[in-house]
Structure formats: C-alpha cells, structure tokens
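Here is how the chains run, residue by residue.
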Amino acid sequence: MTASKNLTTLDFQSIKQNLKDFLSDPDQNPAFKDYDFEASNINVLLDGLAYNTSLNGFYLNTVS
C-alpha cells in the first residue's frame, strides 16, 4: 500500500524526498528497492529533477 505524497510543496528537500520515497517503494519500482540514493550517482539526477520541479512550481505560481 502506498502512502499519500504531498504534491503541493515547492520546497527542494521535500520534492527530493518524495522522489526518493517513490523510487524506493517496492510496490511501485521493484528494481530500486535496495538502492542507496544518498551515496550514488542517481542522487545527482534527483537533485536536478527536484531543482527543476521547484523552479517550475515557482514560475507557475508567479504566472497565476
């Protein structure tokens, strides 16, 4: 059973943690269930995704 995620946050750390939680959930992604996201190259990709999401959310809120 998956936990509900807060999808309205624009905080970089919250977005990144939501991505880690999603990828490490064995029900959603069994390939990443034992993956260490803190000490790996995928951490750099998560930083980029979280930064991009945070900026897009900020820009969309500014436009509206």
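The present account deals with the structure reproduced in this document. Bear in mind that the values here come from a model prediction, so they are computed numbers and not experimental data.

Rules of the game
Residues numbered from 1 in each chain as written. Predicted model: local features only at pLDDT ≥ 70, side-chain atom pairs only at ≥ 80, totals over all residues. Heavy atoms only, no water. Helix = DSSP H or I, 4+ residues; strand = E, 2+ residues; numbered from the N terminus. Buried < 20%, exposed > 50% of the residue type's maximum accessible area, 1.4 Å probe, protein only. Areas by Shrake-Rupley, 256 points an atom, 1.4 Å probe, with all protein chains shown as cover. Salt bridge = Lys/Arg side-chain N within 4 Å of Asp/Glu carboxyl O. Phe/Tyr/Trp six-rings, centres within 6.5 Å; stacked < 30°, edge-to-face > 60°. Expected span 1.5 Å × (residues − 1). Arc of directions from axis to C-beta. Contact = heavy atoms within 4.5 Å.

Some thoughts on the overall build of the protein
Next, step 1: The number of helices and strands found in the protein is two helices and zero strands.
Next, step 2: Counting every position in the protein, which comprises 64 residues, the buried fraction comes to 22%.
Next, step 3: For the protein, the accessible surface area stands at approximately 4900 Å², while carbon and sulfur atoms represent 57% of it.

Remarks on the pattern of salt bridges
If the charged atoms of two oppositely charged side chains come close together, the side chains can form a pair.
Next, step 1: Scanning the entire structure with this criterion turns up two salt bridges.
Next, step 2: Note that Asp47 and Lys16 form a salt bridge whose closest N and O atoms lie 2.5 Å from each other. Taken together, the residues Asp47 in helix 2 (residues 42-63) and Lys16 in helix 1 (residues 12-24) connect sequence positions 31 residues apart.
Next, step 3: Here Asp47 falls in the partly exposed class, since its relative accessible area comes to 28%.
Next, step 4: As a salt-bridge pair, Glu38 and Lys20 come within 1.9 Å of each other at their nearest N and O atoms. Residue Glu38 is located in the loop between helix 1 and helix 2, and its partner Lys20 is located in helix 1; the two are separated by 18 residues in the primary sequence.

Points about the packing of aromatic side chains
Next, step 1: Counted under the stated rule, the structure contains four aromatic pairs.
Next, step 2: When the ring of Tyr35 is compared with that of Phe37, the centres are 5.6 Å apart and the planes differ by 55°; the resulting orientation is tilted.
Next, step 3: Among the residues examined, Tyr35 registers a relative accessible area of 42% and is labelled partly exposed.

Let's talk about helix 1
Next, step 1: If you check helix 1, its first and last C-alpha atoms are 18 Å apart, about what 13 residues at 1.5 Å a residue would give, namely 18 Å.
Next, step 2: Buried residues of helix 1: Ile15, Lys16, Lys20 and Leu23, and no others. Buried residues of helix 1, seen end-on, are gathered within an arc of 135° and therefore sit on one face of the element.
Next, step 3: Looking at the packing, one finds that the buried side of helix 1 touches helix 2.

A short note on helix 2
Next, step 1: With 22 residues, helix 2 extends 31 Å from end C-alpha to end C-alpha; this agrees with the ideal 32 Å at 1.5 Å per step.
Next, step 2: Listed in full, the buried residues belonging to helix 2 are Ile42, Asn43, Leu46, Ala50, Ser54 and Gly57. In a view along the axis of helix 2, the buried residues occupy a sector of 110°, so they form one face of it. Seen from the open side of helix 2, the exposed residues pointing more than 90 degrees away from its buried face are Val44, Leu45, Tyr51, Thr62 and Val63.
Next, step 3: Contacts made by the buried residues of helix 2 are with helix 1.

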